[in-house]
Amino acid sequence: MIPLIPHPGPIPLPAPAWLLEALLVFTLFLHLLPMSLLMGGGTLTVISEFLGRRDDRHRRLAQATARLLPVLVAFTITLGIAPLLFLQVLYGPLFFSSSILMAWPWLSIIGMMLIGYYGYYWHSFQFERLGQRAVWVTLASAALFTIIGLLFTSNMVLMLTPARWGTLYRTGRSGLHLGFAEPTVPPRFLHMFVASLALSGLGVAILGAAKARADTAFGLWVRRYGLRWFVAATWLQLAVGLWFLASLPPSIRLLFLGGGTIETGLLIVALALAVISLLTIQRWLAFGTVSILGTVALMAIIRHRLRAAYLASEFDPAKLAVQPQIAVFALFMLFLVCGIAAIAWMVWKFALAATARTEK
Amino acid sequence: MNYPVWEIPQIGGGMTIGLIAILHVFVSHFAVGGGLYLVLAERKAYRENDPAVLEYVKGHSLFFVLVVLVFGAVSGVGIWWSIGLVSPAATSTLLHVFVWAWAIEWVFFAVEIAAAFVYYYGWDRLDRHTHLIVGWIYFIAAWLSLFVINGILTFMLTPGRWLTTREFWHAFWNPTAIPSLILRTMVCLALAGLYGLVTAGAIPDRKLKAKMVRFAATWLLPASLVLPVGGAWYISRIPPLAREISMGGSPAVTIFAGLSIALSAVLFVFTFFGPYQRPQHFTLPFAFMLALVGLSVTGVTEWVREAVRKPYVIYGYMYSNGIAKREQEAIERDGALRAARWVTTREVREDNHLEAGRNLYEIQCASCHTMDGFNGMRFAVKGWREEFINFQLQHLSELKGFMPPFMGTEAERRALAAWLADLNPKIPPITEPLAQHKALPIAVAMGGVQTADQ
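Residues numbered from 1 in each chain as written. Chains lettered and ligands numbered in written order. Predicted model: local features only at pLDDT ≥ 70, side-chain atom pairs only at ≥ 80, totals over all residues.

So, on to the overall build of chain A. Within chain A, the regular secondary structure consists of 12 helices and 0 strands. Each helix and strand of chain A, ordered N terminal to C terminal, gives the series α-α-α-α-α-α-α-α-α-α-α-α. By the compact-globule yardstick of 21 Å for 360 residues, chain A fits well, its C-alpha radius of gyration being 22 Å. Taking all 360 residues of chain A together, 47% fall into the buried category. Counting contacts in chain A only where the partners sit at least 6 residues apart, residues at least 24 apart contribute 77% of the total. (Helix = DSSP H or I, 4+ residues; strand = E, 2+ residues; numbered from the N terminus. Rg over C-alpha atoms; globule rule 2.2 N^0.38 Å. Buried ≥ 20, exposed ≤ 12 C-beta atoms within 10 Å, placed from the backbone. Contact = placed C-beta atoms within 7 Å.)

Turning next to the domain arrangement of chain B. Residues and elements named next belong to chain B. Each domain of chain B was delimited in the assignment, giving domain 1 (12-319) and domain 2 (326-423). With centres defined by C-alpha atoms, the gap from domain 1 to domain 2 works out at 39 Å. The interface of domain 1 with domain 2 comprises 13 residues on the first partner and 12 residues on the second. Put simply, the parts of the chain that give the side of domain 1 that touches domain 2 at least two residues each are helix 1 (12-47) and helix 11 (240-249). No other element matches the 4 residues that helix 1 contributes to the side of domain 1 that touches domain 2. Of the residues that constitute the side of domain 1 that touches domain 2, the class distribution is 6 nonpolar, 6 polar and 1 charged. (Domains from an automatic or database assignment. Nonpolar A, V, L, I, M, F, W, Y, C, P; charged D, E, K, R; others polar.)

A word on the nonpolar core. Among the nonpolar cores identified, the biggest contains 254 residues, and B:Ala103 and B:Ala115 are the most heavily contacted of them. Of all the elements, helix 2 (residues 56-101) of chain A adds the most residues to this core, at 24 residues. Two domains each provide a minimum of three residues to this core, namely domain 1 (12-319) and domain 2 (326-423) of chain B. When residues no more than four places from it in sequence are discounted, the contact partners of B:Ala103 are A:Ala82, A:Leu85 and A:Phe332. (Core = buried A, V, L, I, M, F, W, Y, C linked by C-beta atoms within 7 Å.)

Now for the confidence of the model for chain B. Close inspection of predicted coordinates is inappropriate in any region flagged by low pLDDT. All names here are of chain B. Taken over all residues, the pLDDT of chain B has a mean of 91, while the share at 70 or more is 94%. Confidence, read as mean pLDDT per element, is least for helix 21 (residues 439-445) in chain B (44) and greatest for helix 5 (residues 128-157) (97). Reported confidence for the predicted complex is 0.94 by ipTM and 0.92 by pTM. (pLDDT = per-residue confidence, 0-100.)

Attention now goes to helix 1 (residues 17-51) of chain A. In this model, helix 1 of chain A (35 residues) spans 50 Å end to end at C-alpha, consistent with the 51 Å of a helix rising 1.5 Å per residue. Roughly 25° is the biggest bend found in helix 1 of chain A, and it falls at A:Gly41. (Expected span 1.5 Å × (residues − 1). Bend = angle between axes of the 7 residues up to and from the residue.)

This is the structure we're talking about:
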């Protein structure tokens, strides 16, 4: 079995690779935010629901976060489509191959997403009626979305490691591989999962700050509670991040430890922003939030550099043929602006109506 | 050929996509038409100043959100997922030709989702006027997303001038784009009415029920008038071979095409004389029955639309097995195995010809055939001798117009024939007249093993 990476096909890219890469990284950053709130938020809701059996504050918090989960699913899926589109355009030969090797687990994501999504809706609409059983619904949905995250990590690593493909394909062509065997998969997933707990903790804190206007005691408690998660998970991330770094192939690891100026520089700035956020967030919630969002954005770029490093000798999108479709791209930008304006207008009207109602 | 093969036992790849796609089409067209249904029903409630109608619309919008936002959105992603797994080469082509169209579609989709949420959660928050505008934004965005996807879908059957110019606009405004857009828009309206009949049929209050059942049934009428004309226009623009396949050329496809027309007629006639004429007698089970007929129409129609595209996945450009036409010459000169990836053999030799045959099956046949299930290979070559299979392989596209030709060297073709013949029990059945006098030599050649089948 000699060459495995499929050739990219004769149709040129409709834009230079750098533009598609920039869109990939930017839309991935947008996707990471609701995705993290969804994965971590599901877990935090389960915990609060269990604690809520004894503590009414946790019960109220769980009710508030559970209502947001279905909306977060919609945001996660919608914002996930764009990066997946650009990924397939740039890295199709790798992505399709690895997906086919794990075809059944990969396709089962659709089923799990459907069940998990309906679970959150059921929970949200029937919270009172479900009573104590509600927590099991959340638990099932949260578990499904976590498994989806794990499968995504697995495929994103499998597409970067074509050396493993041959053995997998020889042992079975029914698409039943999970791809978990690569040593970097567990720490990489855990890195994402712990980050999602941190960001969800932050989300809870922001929710608390908003609630404090109507109910100061409860709101302040929620804010404190959420920040505890944020701080604890971010400290834990230091250990997980080290494990992740240690699990990378040595030549790639070195890039982030001084070997590559850009890679090392990005990592240092990202870590510095995280530390700044940890130090300031108790006092200045907004400043700490912006700072950690900076970390997330840089991590999205670092992740892209990591991918490039993995594929350095195998595949480089910059070498693909390009024939720009300028008019259609311009049309995309135009519709994007109109689309954002339409969404902003609707959300603004919605938020305005909410304030009007509370003030009455 | 370029990509690994996902072997799905029994149902095969096409059916796997089909199962997801048919359910998605049934819901996604409702997602478009249902948006207009909500806005117009809401406006009707305001105009008639009827709070009962408004309550019904609110209930219908919850149903709408649960069906469309969850199942519609997720199953749409599911089609994308499954075509990438089953036909990666074609998916990759569609993505490259239409990257920005997909990106534009994504913008419309995002607006659609956002508007649906604001509409649903905004019932008691927004003033009437704003709420209606949000509903309109939803419908327009949803229809525009259909508009974009329709261009991409129709491209697969009628790529038109793109084949020579490779121009984006020629691909998008292909010969069937407009007739198909009209057909799909009508289907959207009809499905909005069909789903509306389900929710209206569940209303307990008799008077309100009669009113809303009649309202919903009206939504099927435009489709019943326009579909025959639009359908004829559409059929006049598809490739001649595709027309022949659906009109007698392939019995299964012809039967399904007939069923599509017959079931549509049944649906419209029953809707007209049932809920439209006598809304007061309409019942929920009847609504479900109509919905089931609607689902069947969707199923058979989409199946026919896919089937007539054979032997291509992108007409005149790429065969169903993912091999582009332009690759054909090189493959026939240098061999399929040499051009392929993900195979275990690079050339046919004495000691590997069965393995090479198996590789050739994977890269050229397995995207449509399964081993023992749908389009089962073992059944297709049952009782065929190697020489006969070899002959068939030389004339595949002439003997079976909906199959791509075998592409490869003579040695490769013989290897595939040998492997296919090897699927048979080692001695051909006695009932085959051709096989009778050859039975012994073949059995000896294969090692003379008598199997339990004999």
